[in-house]
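# Coordinates in review
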Amino acid sequence: PIGEEGEIGENIGTNMIMSLKAGHNQTYTMTGNKGEIVPGSSHEIVGTNLKQDRNESEKENIAKSINAENGDIVLNAANGNIKLIAKNIYIETVGDKSDGSILIKANDHITMRADEQLNLAGGKVCVTSADSITLNAKGYLRLLYSGINQGSPLSGILGTFIPGPVADLITDIAETCK
């Protein structure tokens, strides 16, 4: 611990500083904060003795946990990349009512790819493009919707071209895709 009452260390609220020759620094403050500077890379290995062949009934086998009881968690690699590698990645929001959003923004590309199936679902889904939208399928391209007359300049007469059983079928199929 550094800083005597009334001295500089006490005035800046520092409780302990550990500084090493190579530029490593850890600072602990009187308010409970901690800062750490590592001039090179920092690696941590955890969970080496945890059971690898987990029981099916086990939900999680946590080897590392970061819990911010109040406040935010920020991972910032402004001049690098952030890579998450795992068997599965689950992202879940738990905000109250409608406060639980996931926002993704990119200056260049956003790519989502799945070898088996990609599902996109929402109460309302809006796809907007400043240039073009391309739908490319090697199989069937199915367009299923319940408001078959909505949004068409010919909506007043389209209903006469679609037989009732076909419209009912489209409605039934659309209900199964929810």
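A short tour of the structure in this document, coming up. Within each chain, residue numbers correspond to sequence positions counted from 1 in written order. A pLDDT threshold of at least 70 governs which residues receive local features in this predicted model, and a stricter bar of 80 or more applies before side-chain atom pairs are shown or counted, although totals over entire chains, interfaces and linings include all residues. To obtain the side-chain values, all non-hydrogen atoms of the structure were included, while hydrogens and water were left out.

## What about the sheet that holds strand β3 (residues 34-37)?
DSSP bridges decide pairing: two strands pair if at least two such bridges lie between them. Each helix is a run of DSSP H or I of at least 4 residues and each strand a run of E of at least 2, with the numbering of both proceeding from the N terminus. Read from one edge to the other, the open sheet built from three strands follows the order β1-β2-β3, with strand pairing classed as antiparallel. With one partner strand each, in any of the chains shown, β1 (14-19) and β3 form the two edges of the open sheet. If you compare each strand with its neighbour and ignore which way they point, the axes differ by 5° on average. Pairing between strand β2 (residues 25-29) and β3: four bridges, direction antiparallel. Residue pairing across strands places Asn25 opposite Ile37, the latter belonging to β3. Axes, fitted as lines to C-alpha atoms, cover a helix only where it is in contact. Angles between the N-to-C directions of the axes lie from 0 to 180 degrees.

## Thoughts on the pattern of salt bridges
Salt bridges are identified by distance alone: a Lys or Arg side-chain nitrogen within 4 Å of an Asp or Glu carboxyl oxygen. Evaluated as defined, the whole model comprises three salt bridges. Here Glu44 and Lys64 are joined by a salt bridge, their closest N and O atoms 2.9 Å apart. Placement of Glu44 in the loop between β3 and α2 (155-158) and of Lys64 in the loop between β3 and α2 is noted, with a sequence separation of 20 residues between them. For every residue, the accessible area obtained with a 1.4 Å probe (protein chains only) is divided by the maximum for its type, and the residue is called buried under 20%, exposed over 50%, and partly exposed between those limits. Residue classification places Lys64 among the partly exposed positions, given a relative accessible area of 47%. Across the salt bridge formed by Asp115 and Arg113, the nearest N and O atoms sit 2.7 Å from each other.

## Side note on a nonpolar patch on the surface
Like charges within 9 Å and nonpolar side chains (Val, Leu, Ile, Met, Phe, Trp, Tyr) within 5 Å are joined into patches, using only residues over 30% in relative accessible area that form no salt bridge. All accessible-area figures derive from a Shrake-Rupley calculation using a 1.4 Å probe, and residue coverage is judged against the displayed protein chains alone. Taken together, Ile66, Ile73, Leu75, Ile82, Leu84, Ile89, Ile91, Ile102, Ile104, Ile110, Met112 and Leu118 make up a surface patch of nonpolar side chains, about 1400 Å² in accessible area. Secondary-structure assignment places Ile91 in the loop between β3 and α2. The exposed category is assigned to Ile91, whose relative accessible area is 63%.

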